[in-house]
Amino acid sequence: MHQVRAAFDLVGKSRMLSMLLEKFLEDMRRQQHLIEREVRHHMSEYESSGKVNAIVQMIFRLVSWYNCWKPITELGPTILSAYTLAFQTHIFSIFPPSFSRGFKELIASTFALVDTSCPPPWAIPRELQSSERSPRPDYLLWIACETLGLLERYESLISSVCYEHIEAYVNETCARKWDEPMVPKLRDWMTEKIVPWMIMPYARGARSAEEARAMLQGVGSRFDYHVCKTLCDLRIQEIFDIIIDYPDSQSALQDLKVASSRPGFEDFDQMIVNRVRGRLQECLQRVDQRSQLVVTLRKANKKRLLHPGADTKDILTQYVSIIRCLRVIDPPGVLLYKVADPIRKYLRERPDTIRCIVASLVGDGESGESLVDENEPIQPLQQMQADDFTDPNWEPEPIDAGPDFRTNKPSDVISTLVSIYDSKDLFVKELQVLLTQRLLAVRDGNYERERRNIEILKIRFGEAALQVCEVMLRDMTDSRRIDQHVQAQKEGPLHPTIISRHFWPPLQTNSFTMPGQFREIQETYAREYHLFKPDKRLYWLSHLGTIHLDIELQDRTISAEVPPLEASIAEFFSQKDTWTVDELVTELKSVEKTAILKALNTWIDLGVIKEEDENRFKLLEIAEAAPAKAPARHAPVVEEVTPALVAQQQQAEQMKVFWKFIEGMLTNLGSLPLARIQSMLKFAPGYDRSIEQLAEFMEAARREGLVTVKDGMWKLQQ
């Protein structure tokens, strides 16, 4: 070897080394057809079988060819580098297009080799299978790929394999898995699987832990970022269902907002883990997916929530869950502001939104789950406030906040729901309506539940807004005391509820008068009441309440508790055995025919009367045997009578009064813009509507043909 080296030194001094190198490379090119033949053979085997074993054997054979022709190291690095470049250039030029696919499958198979103690036979060259074992199962394969320059040439392909492996694992293990945090498990998986795999393709030559960490810094951060992004994409796709399952899905929300500390490790592998773990910051902020979360959730809300088929109570329940979930992800509330805007606009257009919110406030048992968490402290409604720039704890708005966003918005759920509307007066009126229904439904005189609700609502809405409700509650207790006094003077079967007309919401009115003995009982009670309170008189709402009747027939006695209309029908049949519907309509005057038919069907079901001919009914003094197969009767659909008008109905009634003012303006002044009508209506007593509410009323009047509008000018329909 010393003589060979001396000979090359002599050639170099004679300036003949370049000619010798060209001659060597030319001789090598003449023999490259042998390599091409083996490449075609192995690639044909791969394309026919689809197994990566053929790719592995081809790589090992190419390394054998490379080593056979490689110049000895004593000739210097120049000749070796020139030879390596020529050899790699040639094999890259003869690889078929299918090699990229096969090499990608080969790299993907190396993930399974990380945990293998004994490598498979195809991962070791045939000539080395009986020799000493390698440090790890895939060591020889990576060394062979480095020798051929495959790692540098296909660097992006190797990275894409790891990206796809991460995506597959995250989607498989984390999809719809919301009951436990998944980020710690992903960290452990990265530690146990990905980091050991990364050492061979990206840090093979590391001689120390610091050097390995420096080599893995760039690629490790990219893989770490991809874990966060894949998890965020998955959770964003599931966000609507995650919100539905809240609070059981709270762990999934924490996956979007989780930060980890950086523990200190000393050994080589753990220091690499430290690099991976230390870069897992808050996922949603790190991958900048906040805008995608907003777009996805708004689209899901529009498709699955904001449509006529969804119940208002369900929309409110989902909205409350959205509030709580997005506050976990984004405490400042920027995401909530962007997502909630379409929901708030849609709820504002629903006629029963206020009723559902109020029913939840007073704990209505029929309304399902409460919108309010029982563990949340009761606090007054929060109003929007201006920024206090003198506050030492003041912080600027987030960078992605819109121009209308305010950080000091109401934070509790009830204040947020009430802020859907411009004023809380609508809620107070609906509270009065709901309290009316509940007070009138109490039979045993126990009003403790309603009294407790009023005290709670005082904290939220203030005592001034609930003064009317206190008067209503006091009327109920006074009514029982008055009834006890009247009964003491002259005992009777009638026990009315006496209320103050000026303090209660407008009640549904009906002008029908109770017939026969019922009217006499009312008149007797009214005379005794007048003796007790000479300055007051009673106005009977005969359509409200219930009456317990014992109907004595020839062969039986039937007991029933029925509304006053049904009792009136029974009274008529006590006077005459046969009645037609038209005769009953004439007697009851203002009662609709459908309501009378419904009352008649009640007594038919109880076996008191029967229908002889169409719309002709007869009293059954003696019960008749039921026919074997009675024809099905279809009772007319009649809406249940509610004692009080809801808030929207009250507004409509009041706007009818203000219509006279509007009609007079348009008659005397001609066409007027909406702003002018609004300013003039403010002089009308009791007018407190906003211009948006006035616009809705004017639009309704236009649909009814009362007014027309052109270029923003309103005038009466001619």
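Residues numbered from 1 in each chain as written. Predicted model: local features only at pLDDT ≥ 70, side-chain atom pairs only at ≥ 80, totals over all residues. Heavy atoms only, no water.

**Topic: the overall build of the chain**
Here is the rule: Where helices and strands are cited, they refer to DSSP runs of H or I of at least four residues and of E of at least two residues respectively, numbered from the N terminus. Working definition: with a 1.4 Å probe on protein chains only, accessible area under 20% of the residue-type maximum means buried, over 50% means exposed, and in between means partly exposed. Any two residues having at least one pair of non-hydrogen atoms within 4.5 Å are treated as being in contact.
Along the backbone of the chain there are 30 helices and eight strands. A buried classification covers 43% of the 718 residues belonging to the chain. A fraction of 69% describes how many contacts in the chain between residues 6 or more apart in sequence connect residues 24 or more apart.

**What about the nonpolar core?**
How we decide: What we call a nonpolar core is a set of buried Ala, Val, Leu, Ile, Met, Phe, Trp, Tyr and Cys residues that are connected through their side-chain atoms within 4.5 Å.
With 68 residues, the main nonpolar core has Ile315, Tyr319, Leu417, Phe427, Leu439 and Phe461 as its most contacted residues. Looking at which element gives the most residues to this core, the answer is helix α17 (residues 312-329), with ten residues. In this structure Tyr319 touches Ala340, Ile343, Arg344, Leu347, Thr416, Leu417 and Ile420, once residues within four positions along its chain are discounted. If you look at the next biggest cluster of nonpolar residues, it comprises 64 residues, including Ile35, Val56, Leu106 and Val219.

**What about the packing of helix α10 (residues 183-202) against helix α11 (residues 209-237)?**
To keep it simple, the criterion reads: Think of each axis as a best-fit line through the C-alpha atoms, taken over the contacting stretch in the case of a helix, with angles from 0 to 180 degrees between the N-to-C directions. Each crossing gets its handedness from the near helix: less than a right angle anticlockwise from the far helix is left-handed, clockwise is right-handed. Charged means Asp, Glu, Lys or Arg here, nonpolar means Ala, Val, Leu, Ile, Met, Phe, Trp, Tyr, Cys or Pro, and polar covers whatever is left, Gly included.
One can describe the packing of α10 onto α11 by two numbers: an axis separation of 11 Å at closest approach and a directional angle of 145°. For the pair α10 and α11, the crossing hand works out as right-handed. Contact residues: α10 offers Val183, Leu186, Met190, Trp197, Met198 and Tyr202, while α11 offers Met215, Leu216, Val219, Gly220, Phe223, Asp224, Val227 and Leu231. Here the residues of the contact of α10 with α11 are counted per class, giving twelve nonpolar, one polar and one charged.

**Re the sheet that holds strand β3 (residues 578-580)**
Under the convention used in this document: By the convention used here, strands pair only if DSSP detects at least 2 bridges between them.
Spatially, β3-β5-β4 is the arrangement adopted by the three strands of the open sheet, whose pairing is antiparallel. In the strand order of this sheet, the two ends are held by β3 and β4 (609-613), each with one partner. With direction set aside, neighbouring strand axes in the sheet form an average angle of 30°. Pairing geometry for β4 and strand β5 (residues 616-619), over four bridges, is antiparallel. Pairing of Asp613 across the sheet is with Arg616, part of β5. Contacts between helix α25 (residues 564-575) and the sheet are confined to β3, β4 and β5, with β5 contributing the most and set at about 70° to the helix. On top of the sheet, helix α26 (residues 581-588) reaches β3 and β5; it is set at about 80° to β3, its chief contact.

**Quick word on the environment of Gly492**
Note on placement: Gly492 falls in the loop between α23 (467-489) and α24 (516-532). Taking the relative accessible area as the measure of exposure, Gly492 reaches 26% and is therefore partly exposed. The spacing of Gly492 and Thr524 is 32 residues in sequence and 8.8 Å in space, taken between C-alpha atoms.

**A few points about the packing of α25 against helix α27 (residues 593-605)**
As a reminder, the rule being used: Here is the rule for angles: anything less than 35 degrees is roughly parallel, anything more than 145 is roughly antiparallel, 65 through 115 is roughly perpendicular, and the remaining ranges are oblique.
As a packed pair, α25 and α27 sit with axes 9 Å apart at the nearest point and diverge in direction by 70°. Of the possible angle classes, the one that applies to α25 and α27 is roughly perpendicular. On α27, the residues that touch Leu565, Glu566, Ile569, Ala570 and Phe573 of α25 are Ala595, Ile596, Lys598, Ala599, Leu600, Thr602 and Trp603. A class-by-class count of the residues in the contact of α25 with α27 yields nine nonpolar, one polar and two charged.

**Points about the packing of aromatic side chains**
Which entries qualify depends on this criterion: Note on aromatic pairs: the rings of Phe, Tyr and Trp (six-membered ring only in Trp) are paired at centre separations within 6.5 Å, and the planes decide the class, stacked below 30 degrees, edge-to-face beyond 60, tilted for the rest. By definition here, charges over rings are those cases where NZ of Lys or CZ of Arg is within 6 Å of the ring centre and within 35 degrees of the ring normal.
Within the structure shown, the criterion is met by 21 aromatic pairs. Centre to centre, the rings of Phe103 and Tyr154 are 5.4 Å apart; their planes meet at 45°, and the pair counts as tilted. Of this pair, Phe103 sits in helix α6 (residues 98-109) while Tyr154 is found in the loop between α8 (150-153) and α9 (155-174), placing the two residues 51 residues apart along the sequence. Residue Phe103 shares its accessibility class with Tyr154, and that shared class is buried. Ring-pair connections join several aromatic residues into one group, and the members of that group are Phe111, Trp142, Tyr163, Trp197, Tyr202 and Phe223. If you follow Lys576 out to its NZ or CZ, it ends over the ring of Trp579, 4.3 Å from the centre.

**Describing the pattern of salt bridges**
Stated formally: Here, a salt bridge means any Lys or Arg side-chain nitrogen found within 4 Å of an Asp or Glu carboxyl oxygen.
The tally for this structure, following the rule as stated, stands at 26 salt bridges. In this structure, the salt-bridge partner of Asp241 is Arg176, at a minimum N-O distance of 3.6 Å. Remark: Arg176 occurs in the loop between α9 and α10 and Asp241 occurs in helix α12 (residues 239-244); sequence separation between them is 65 residues. A salt bridge links Arg443 to Glu561, with the shortest nitrogen-to-oxygen separation between them at 2.9 Å. With a gap of 118 residues between them, Arg443 in the loop between α21 (425-441) and α22 (448-461) and Glu561 in strand β2 (residues 557-562) connect regions that are remote in the sequence. Judged by relative accessible area, which is 46%, Glu561 ranks as partly exposed.

**Quick look at the pairing of β2**
Residues Ile558, Ala560 and Val562 of β2 are buried on one face, while the alternating residues Thr557, Ser559 and Glu561, pointing to the opposite face, are not. Summarising the sheet, strand β1 (residues 547-552) and β2 pair through six bridges and their orientation is antiparallel. Bridged to Ile547 within β2 is Val562. Between β1 and β2, which follow one another and run antiparallel, lie four residues.

**Brief notes about helix α29 (residues 674-681)**
Selection rule: Taken from the helix axis, the directions to the C-beta atoms give the arc we talk about.
Taken together, the buried positions of α29 are occupied by Leu674, Ile677, Gln678 and Leu681. Looking straight down α29, one finds that the buried residues subtend no more than 100° of arc, so they occupy a single side.

**Side note on helix α3 (residues 32-49)**
Quick note on the threshold: Helix span, as expected, comes to 1.5 Å for every residue beyond the first.
Helix length check: α3 (18 residues) gives 26 Å between terminal C-alpha atoms against 26 Å at 1.5 Å per residue, within 8%. Of all the residues in α3, the buried ones are Gln32, Ile35, Glu38, Val39, His42, Met43 and Tyr46. Buried residues of α3, viewed axially, fall in a sector of 125°; they line one side. The exposed set on the far side of α3, more than 90 degrees from its buried face, consists of Arg37, Arg40, His41 and Ser48. Of the residues one or two after α3, Gly50 is the one with positive phi, at around 75°.

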